[in-house]
Amino acid sequence: MDEIFNEMAIKMFLISLVIVLIVKGIIIAIKKIKKKKYSLKYEFVSAVLIVYVIVILVYVLIPTDLFSYGNINLIPFRDSFNTIKRVGIWSVQSRQLLYNVLLFVPFGFLGALALKFKGRKSKWIIPIGLLFTITIETSQYFLRTGRACDIDDVILNTLGTIIGYYIALALVEIYRLIIEIRNFNK
């Protein structure tokens, strides 16, 4: 199953990358022809974000076991803490908690940058990330992917979005300070 999944994930990444780059290229060309303003930074970051979202959806919605109906956990961290007690903090199951945070850091980072480059408030990426992860978790349950619908994943994915958001804010601020220092020294 892992080999099939990895092969499918790579194909989906490459296909989505090509399609997104073609569509973004067409959008930029149309804007150039119509002499409309566009931000190359926004177009690039939003293209990477779209490909990232597609890869995430492929990763989390591909069935793990066609005959499993998955579980639902609505009590925060109950199962996670029990697992850590049972198998230890450095087990694969425990590391899965960290992976759920890390999985959404790029979403928060890229989303915040895309919104900022588009002239929108970047803080909106946090509720968007929350809605995205709730959608994923409920889809996993209703699509019968064999994955658990887990409130822990919602919390941890949202935490990852928040971390990514703050990393983006910090980098934008550092960039702004560097530009300010350069302009001051001229």
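Just so it is clear, the structure is predicted and the values come from calculations on it, not from any experiment.

Parameters at a glance
Residues numbered from 1 in each chain as written. Predicted model: local features only at pLDDT ≥ 70, side-chain atom pairs only at ≥ 80, totals over all residues. Heavy atoms only, no water. Helix = DSSP H or I, 4+ residues; strand = E, 2+ residues; numbered from the N terminus. Buried < 20%, exposed > 50% of the residue type's maximum accessible area, 1.4 Å probe, protein only. Contact = heavy atoms within 4.5 Å. Areas by Shrake-Rupley, 256 points an atom, 1.4 Å probe, with all protein chains shown as cover. Salt bridge = Lys/Arg side-chain N within 4 Å of Asp/Glu carboxyl O. Phe/Tyr/Trp six-rings, centres within 6.5 Å; stacked < 30°, edge-to-face > 60°. Expected span 1.5 Å × (residues − 1). Core = buried A, V, L, I, M, F, W, Y, C linked by side-chain atoms within 4.5 Å.

### What about the overall build of the chain?
Here's step 1: Along its length, the chain carries six helices and two strands.
Here's step 2: In the chain, the order of α-helices and β-strands from amino to carboxyl end is α-α-β-α-α-α-β-α.
Here's step 3: Within the chain, buried positions represent 33% of all 186 residues.
Here's step 4: A separation of at least 24 residues holds for 75% of the contacts in the chain among residues at least 6 apart in sequence.
Here's step 5: When the accessible surface of the chain is split by element, carbon and sulfur atoms take 70% of a total near 12300 Å².

### Comments concerning the pattern of salt bridges
Here's step 1: Taken as a whole, this structure holds four salt bridges when the rule is applied.
Here's step 2: Close ionic contact of K24 with E43 constitutes a salt bridge, the shortest N to O distance being 2.9 Å. Here the residue K24 occupies a position in helix α1 (residues 2-33), and E43 occupies one in helix α2 (residues 40-61), the gap between them amounting to 19 residues. Comparing K24 with E43 shows no difference in burial state: the two are buried.

### With respect to the packing of aromatic side chains
Here's step 1: In the structure shown here, the tally under the stated rule is five aromatic pairs.
Here's step 2: Taking 5.1 Å as the distance between ring centres and 25° as the angle between the ring planes, the aromatic pair formed by F107 and F132 counts as stacked. With F107 in helix α4 (residues 92-117) and F132 in helix α5 (residues 125-142), the pair connects residues that are 25 residues apart, well separated along the chain.
Here's step 3: When its relative accessible area of 5% is taken as the criterion, F107 is described as buried.

### What about the environment of M12?
Here's step 1: As for its placement among the helices and strands, M12 is situated in helix α1.
Here's step 2: Accessibility expressed as a relative area gives 30% for M12, which makes it partly exposed.
Here's step 3: Residues M12 and Y59, 47 residues apart in the sequence, show an inter-C-alpha distance of 9.9 Å.
Here's step 4: In this view, M12 contacts I54 and V58; residues no more than four positions away in its chain are not counted.

### Description of α4
Here's step 1: With 26 residues, α4 ought to run about 38 Å at 1.5 Å a step, and its terminal C-alpha atoms sit 38 Å apart, in line with that.
Here's step 2: Just downstream of α4 lies G119, where phi reads positive at about 85°.

### Observations concerning unusual backbone geometry
Here's step 1: One non-glycine residue, K35, lies in the positive phi region at around 55°.
Here's step 2: You can see K35 is positioned in the loop between α1 and α2.
Here's step 3: With relative accessibility at 75%, the residue K35 sits in the exposed group.
Here's step 4: Here the phi dihedral of F77 falls at roughly 65°; this positive angle occurs in a residue that is not glycine.
Here's step 5: Tracing the backbone through its elements, the reader meets F77 in the loop between β1 (72-73) and α3 (78-87).

### Topic: the nonpolar core
Side chains of nonpolar character tend, in soluble globular proteins, to be buried together.
Here's step 1: Core analysis: the largest hydrophobic core is formed by 19 residues, its most contacted members being F107 and F132.
Here's step 2: The contact partners of F132, leaving out residues within four places of it in the chain, are V53, I56, L57, F104 and F107.

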